[in-house]
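# Structural overview for review
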Amino acid sequence: MPYGMNSKVLKINLSSEKIVEEDIDEEILENYLGGRGLGIKLFTDSVPKNIDPLSGENVLIFSIGPLTGSVAPTSGRFSLVTKSPLTNTIFHSNSGGFWGPFFKKCGYDCLNITGKLSSDNEGYLLIDGYDKIEIKDAKNLWGLKTSDALTEIQKIEGKNCQILCIGPAGENLVRISSIMNQANRAFGRGGVGAVMGSKNLKAIVVKSGNKEFEVKNKEHLKKLRINAIDKIKVVPITSQGLALFGTAALVKVINQFGMFPVKNFQAAYTESNKIDLVSGEALREKYLEGNEGCYNCIIRCGRMTNTGEKKGKGPEYESLWALGPSTGIFDLKTITHANYLCNDYGLDTISTGSTIACGMELSQCGLLNESSLKFGNNEVLCDLIEKIALKQEIGSDLAEGSLRLSKKYNGESYAMQVKGMEIPAYDPRGAFGHALNYAVSSRGACHLTGFLVALEVLGAPKKIDRFSVRGKSDLLYLKQNQSAVEDSLVVCKFVGYALGFEFQARFLSIILDKKISITDLITIGERIFTLERLFNIREGFSSKKDSLPKRFLENPLQEGASKNRVVPLKDLLQEYYKVRNWNENGIPTDELLERLSLKRLD
Amino acid sequence: MIDQETYKQFKIVGKVLTDHRYNTSHSGNISMRAGGKILIKRRGAMLGFLEPEDIIETDLYQADSGIMLSSTETDVHRQIYLNTDAMAVIHAHNPFCVILSLIEDEITCLDAEGIYMYRKIPIIEVDNPAGPTDAAREVPKVLKNYPIAVVRAHGVFAKGNTLYDALQNVTGAEQSAMFRYYTMLTGKPLKRDYSEEKHFSEW
């Protein structure tokens, strides 16, 4: 068994209530590491073609990586892989907190959940250490908001446990529902909450086991950690920006570059007196009570807030934007309350805000006759969120996400999405490499799988021209591969601002007691990314889906530092396919598959 | 966005520092005070090829979200402004100043220009020379009384009334350090040691 991993997968079939444990082949761990990579490999090996994501055939795979729970900074993360009911693509997501390290100490790398409990027999799963697994009755929990469910579960299981939980949105199979990780963190995107809801599974509770993290050279690891922490403390983003203002530190920064979308991406710049109302500084000054971090994190970007009327966590940058300026709302209290409500109902804040914004634009254009859907309407935001979670009135249409909503009302071009998933808070017209990532990401519009904003805007590690085309594909290829590795180790992407990728290779080499080079890791990342592509191709996705809404290709911005720009996507894509060694239709070549030891999926 | 005239100053100073090889392609940072704000070079931008969007505005008194973009050493600049009379600050990796900082505790000027301008250039010892935390604490203490100081093994921090003024201190100190270094290299005694005559130890 390799150091750093347990080499065990825990398989649970909810239909038969059969629980088995299987060994994980060492070669799989070598080729896919853990986390996202391991999940993608096990998922694609087991799931047949064109399954309904909300059927018992879909699988939820939670997995930790070799760095999870280690002394490497920000190593509290773990991954989820499933098929998304929002996009119908393969879907990976990762989350922080403490659940991952707790699960690893139970002696497993992977939790594989298939089948479904009967609809009159809702349950939750308890993992109480190695080989102590139980499916417990959750009938009394069904229908509860996540905060109430957490309280009730803690009454039963005690406070020394970590809980993944869905809210009413997941139970009601809302396609933009999330799985909450304790009260504030989430597997946010892709409607993964609905997958858990379709299995009639309310929560997954894990109590820390007693399996120790084994490392051969502990002293070496400690030294590397000290070195890493020194670096994290030097870089202002990790030492100050994220700690002081959370991710909302980006509000003014992204606006400054004319990339902060307003009113469903109709504009991307806001005057300073207005942007100041929703900035990270405003959040800190008005509502911040303290900050918090995940397992082994010294950055501590999490916001603990109190508006005077309500207390809760967040909002983070993307949530603040989606529920605020994206819908034309600049009232920070309304936005903060809306964020609390999304957490409580188990809704993806980005997709919720963006779908409401899409509805507002459909209404603005006269395609949807719904009086509450008006940009800047503070009064209705929380009400709309509740209606989405409960699928009531217009909420039942919004619950389907922006693409399905816009199709229903004959306004598909007003859905700001890729492959069905809503675009996050960076207008692609202001950063062409980032735009390309939205178009080609395997899970739809995603800012995390190749965050070129880091280079194009934040200058980390070095600034590049945000409007150039040549070479962007190569950089994106590298970043996407690195990102797949980070999601497989699993570490937080924020340390990347301070630590070069070589640090991850060094941490892994010490933990596995085996020399792993950066090049080895990039190849692993490429293998993971390519396997995701192969799955999507099997499910019928073609290069036509590697696109962006027409707005970004044809309508230049009218104000701000990205004025007059549109995304030259065709040029970017042509180069990208070549760099990836995919053919002109975006299909990986035989030569590439041979190099990566991959096969096409049947 | 920054006005053209201010941008021009940043661009010229950045280019001079790069052309003189005081920095690597991306290192070094320059800033000026402006109406309760600091205008400072963006992190990751090339000093010798600054563009208008490479000049970042951040609060003078406390960190704000500008920290997401601004130079790694923003805190050192901020503390210099808050604790000295500086209106502009330059940080550069002057080679001769850095070399002498490895073997001396202060750089005593031997040339007339250096004696006139600086007499001696203090050298500061910090635990973590590459990090901004120690430098933010120690450098302002010295710049209260001197126009320029060297952080051992790292580089100089110079202040001025304007960016050009601070630039003169950076280039002047480097020239004095170079004269001193080459003089030492000859191994020959000085014909006349101006530094002794001027009681530099009390300066």
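Residues numbered from 1 in each chain as written. Chains lettered and ligands numbered in written order. Predicted model: local features only at pLDDT ≥ 70, side-chain atom pairs only at ≥ 80, totals over all residues. Heavy atoms only, no water.

## Notes on the interface of chain B and chain A
Counting residues at the interface gives 24 residues for chain B and 25 residues for chain A. It is Arg 43, Ser 65 and Met 68 of chain B that lose the most area in chain B upon contact with chain A, and together they represent 30% of the buried surface on that side. The shortest N-O distance in the salt bridge between Lys 463 of chain A and Asp 54 of chain B comes to 2.8 Å. Across the chain B-chain A interface, the total number found is 6 residue pairs in polar contact (both at pLDDT 80 or more). Taken together, the residues that form the side of chain B that touches chain A break down as 9 nonpolar, 8 polar and 7 charged. (Contact = heavy atoms within 4.5 Å. Buried area = accessible area lost by both parts, 1.4 Å probe. Salt bridge = Lys/Arg side-chain N within 4 Å of Asp/Glu carboxyl O. Polar contact = N/O pair within 3.5 Å; in protein donor to acceptor, adjacent residues only side chain to side chain. Nonpolar A, V, L, I, M, F, W, Y, C, P; charged D, E, K, R; others polar.)

## Describing the sheet that holds strand S7 (residues 123-128) of chain A
Backbone-to-backbone hydrogen bonds join strands into a sheet, with any given pair of strands oriented parallel or antiparallel. Residue and element names in this part refer to chain A. The strand order across the open sheet formed by 6 strands is S8-S7-S12-S9-S10-S11, and the pairing between neighbours is mixed. With one partner strand each, in any of the chains shown, strand S8 (133-137) and strand S11 (185-187) form the two edges of the open sheet. Taking each pair of neighbouring strands and ignoring which way they run, the sheet shows an average axis angle of 20°. When strand S9 (residues 162-165) meets strand S10 (residues 179-181), the two strands line up antiparallel, connected through 2 bridges. Note that in S10 the partner of Leu 164 across the bridge is Asn 181. (Pairing = 2+ DSSP bridges. Helix = DSSP H or I, 4+ residues; strand = E, 2+ residues; numbered from the N terminus. Axes fitted to C-alpha atoms, helices over the stretch in contact; angles between N-to-C directions.)

## Regarding the pairing of S9 of chain A
All names here are of chain A. A two-sided burial pattern is seen for S9, the buried positions comprising Gln 162 and Leu 164 on one face and Ile 163 and Cys 165 on the other. The pairing of S9 with strand S12 (residues 201-207) spans 4 bridges and is classified as antiparallel. Of the residues in S12, the one forming a bridge with Cys 165 is Ala 203. (Buried < 20%, exposed > 50% of the residue type's maximum accessible area, 1.4 Å probe, protein only.)

## Remarks on the sheet that holds strand S2 (residues 18-23) of chain A
All names here are of chain A. If you trace the 6 strands from one edge of the open sheet to the other, you get S2-S1-S6-S3-S4-S5, paired in mixed fashion. Every other strand in the sheet has two partners, leaving S2 and strand S5 (90-95) as the edge strands with one partner each. Across the sheet, the mean angle separating the axes of adjacent strands is 15° when strand polarity is ignored. Alignment of strand S1 (residues 8-13) against S2, held across 6 bridges, turns out to be antiparallel. The residue of S2 that forms the bridge with Leu 10 is Glu 21. Of the strands in this sheet, S1, strand S3 (60-63), strand S4 (78-83), S5 and strand S6 (110-114) are in contact with helix H2 (residues 35-46), which crosses S4 at around 25°.

## Regarding the packing of aromatic side chains
One pair of aromatic rings is described through two measures. These are the centre distance and the angle between the planes. Residues and elements named next belong to chain A. Counted according to the given criterion, the structure contains 23 aromatic pairs over all chains. A centroid spacing of 5.1 Å and a plane angle of 20° characterise the contact between Trp 99 and Phe 103, whose relative ring orientation is stacked. On the criterion of helical spacing, the pair formed by Trp 99 and Phe 103 is a turn pair, its members being 4 residues apart in helix H3 (residues 99-105). Each of the two residues, Trp 99 as well as Phe 103, counts as buried. Taken together, a centroid distance of 6.0 Å and an interplanar angle of 45° make the contact between Phe 260 and Tyr 317 tilted. Here Tyr 317 lies in helix H12 (residues 317-323) and Phe 260 lies in the loop between helix H9 (250-256) and helix H10 (272-275), a separation of 57 residues in the sequence. Take Tyr 317: its relative accessible area is 1%, and that puts it in the buried class. Grouped by ring-pair contacts, the aromatic residues Phe 62, Phe 78, Trp 99, Phe 103, Tyr 108, Tyr 130 and Phe 187 constitute a single cluster. (Phe/Tyr/Trp six-rings, centres within 6.5 Å; stacked < 30°, edge-to-face > 60°.)

## Considerations on the state of the cysteines
Counted by the stated rule, this structure contains 0 disulfides over all chains. Between Cys 106 of chain A, a free cysteine, and Cys 161 of chain A, which holds the nearest cysteine sulfur, the sulfur-to-sulfur gap is 11 Å. (Disulfide = S-S within 2.5 Å.)

## A look at the pairing of strand S14 (residues 302-306) of chain A
Pairing of strand S13 (residues 288-292) of chain A with S14 of chain A, which is carried by 4 bridges, proceeds in the antiparallel orientation. Each bridged residue has a counterpart across the sheet, and for Glu 292 of chain A the counterpart in S14 of chain A is Gly 302 of chain A.

## A closer look at the pattern of salt bridges
For the structure on display, the rule yields 50 salt bridges over all chains. Of the charged contacts, one joins Lys 216 of chain A and Asp 513 of chain A as a salt bridge, the two residues approaching to 3.2 Å between their closest N and O atoms. Taken as a pair, Lys 216 of chain A in the loop between S12 and helix H7 (218-234) and Asp 513 of chain A in the loop between helix H21 (501-512) and helix H22 (518-538) lie far apart in primary sequence, 297 residues in all. The exposure class assigned to Lys 216 of chain A is exposed, which follows from its relative accessible area of 57%. Residue Glu 219 of chain A is joined to Lys 222 of chain A by a salt bridge in which the shortest nitrogen-to-oxygen separation is 3.7 Å. Remark: Lys 222 of chain A and Glu 219 of chain A occur in helix H7; sequence separation between them is 3 residues, near one turn of the helix. Note on Lys 222 of chain A: relative accessible area 47%, which makes it partly exposed. A network of salt bridges, in which partner residues are shared, links Lys 463 and Arg 466 of chain A together with Arg 42, Glu 51, Glu 53 and Asp 54 of chain B.

## Observations regarding the side chain of Arg 538 of chain A
Residues and elements named next belong to chain A. Along the chain, Arg 538 turns up in helix H22. Here the side chain of Arg 538 touches Asp 602 through a polar contact of 3.1 Å, landing on its backbone oxygen. Discounting residues that sit within four places of it in the chain, Arg 538 has contacts with Val 47, Pro 48, Lys 49, Leu 601 and Asp 602.

## Regarding H21 of chain A
Residue and element names in this part refer to chain A. Given a rise of 1.5 Å per residue, 12 residues ought to cover 16 Å, and the 17 Å separating the end C-alpha atoms of H21 matches this to within 8%. Of all 12 residues making up H21, 10 are buried, and the element is well covered by its neighbours. What H21 keeps buried is the set Phe 501, Phe 503, Gln 504, Ala 505, Phe 507, Leu 508, Ser 509, Ile 510, Ile 511 and Leu 512. In this structure, the buried side of H21 is in contact with H7, helix H20 (472-489) and H22. Backbone geometry just downstream of H21 places Asp 513 in the positive-phi region, at approximately 55°. (Expected span 1.5 Å × (residues − 1).)

## Considering the packing of H20 of chain A against H21 of chain A
Residues and elements named next belong to chain A. Contact geometry of H20 with H21 gives a least axis separation of 11 Å together with a crossing angle of 35°. In the crossing of H20 with H21, the sense of the turn from one axis to the other is left-handed. Along its contact with H20, which presents Gln 482, Val 485, Glu 486 and Leu 489, the element H21 presents Phe 501, Gln 504 and Leu 508. Grouping the amino acids of the contact of H20 with H21 by side-chain chemistry returns 4 nonpolar, 2 polar and 1 charged. (Left-handed = near helix turned anticlockwise from the far one by under 90°.)

## Here we look at the domain arrangement of chain A
All names here are of chain A. For chain A, the assigned domains read domain 1 (8-207), domain 2 (260-422) and domain 3 (431-497 + 517-595). The centre of domain 2, based on its C-alpha atoms, is set 25 Å off from the matching centre of domain 3. Residue-level contacts link 20 residues of domain 2 with 22 residues of domain 3. Surface buried jointly by domain 2 and domain 3 totals about 1600 Å² across both partners, of which 67% is contributed by carbon and sulfur atoms. For the pair domain 2 and domain 3, the number of links is 2 salt bridges. Among the salt bridges present, the one from Asp 546 reaches Lys 419, with a minimum N-O distance of 3.1 Å. Within the residue set of the side of domain 2 that touches domain 3, elements represented by two or more residues are helix H14 (349-364), strand S16 (417-418) and strand S17 (421-422). Counted by class, the side of domain 2 that touches domain 3 contains 12 nonpolar, 3 polar and 5 charged residues. (Domains from an automatic or database assignment.)

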